[in-house]
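Residue-level structural notes
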Amino acid sequence: MTEGILAGKSLEQSQQEVDLSEYSDLAQYEEWVGLNIEGVHERLMEESGMGWRSDLKGEHTH
């Protein structure tokens, strides 16, 4: 997912492209997979500084 953010992919693109099917046996997988991807995306953007870097493209760049 980090590579996708670095390439300028949006959250929506990540939700369509990230494959978490190896975890599909977990309860509530279908209901939560999109939200889990969103949570990781937001954490990478905020806590790692990816959302602050001017050299990265994307909707969250400040």
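Everything here concerns the structure above.
A few points on the structure. If you're wondering where the values come from, they're calculated on a predicted model, not measured in any experiment. (Residues numbered from 1 in each chain as written. Predicted model: local features only at pLDDT ≥ 70, side-chain atom pairs only at ≥ 80, totals over all residues. Heavy atoms only, no water.)

With that settled, consider the overall build of the protein chain. For the protein chain, the helix and strand inventory stands at 3 helices and 0 strands. Overall, the protein chain shows an N-to-C arrangement of helices and strands of α-α-α. Residue burial in the protein chain is summarised as follows: out of 62 residues, 24% are buried. (Helix = DSSP H or I, 4+ residues; strand = E, 2+ residues; numbered from the N terminus. Buried < 20%, exposed > 50% of the residue type's maximum accessible area, 1.4 Å probe, protein only.)

In this section: the environment of Tyr29. In this fold, Tyr29 is placed in helix H3 (residues 29-47). Overall, Tyr29 belongs to the buried group, its relative accessible area being 16%. The residues contacting Tyr29, other than those within four sequence positions of it, are Leu20, Ser21, Tyr23 and Ser24. Separated by 3.3 Å, the side chain of Tyr29 and the backbone oxygen of Leu20 make a polar contact. (Contact = heavy atoms within 4.5 Å. Polar contact = N/O pair within 3.5 Å; in protein donor to acceptor, adjacent residues only side chain to side chain.)

All right, on to the pattern of salt bridges then. Counted under the stated rule, the structure contains 1 salt bridge. Note that Lys9 is salt-bridged to Glu17, the shortest N-O span being 2.6 Å. A relative accessible area of 47% means that Glu17 is categorised as partly exposed. (Salt bridge = Lys/Arg side-chain N within 4 Å of Asp/Glu carboxyl O.)

At Gln28, a position not held by glycine, the phi torsion is positive, near 65°. Judged by relative accessible area, which is 44%, Gln28 ranks as partly exposed.

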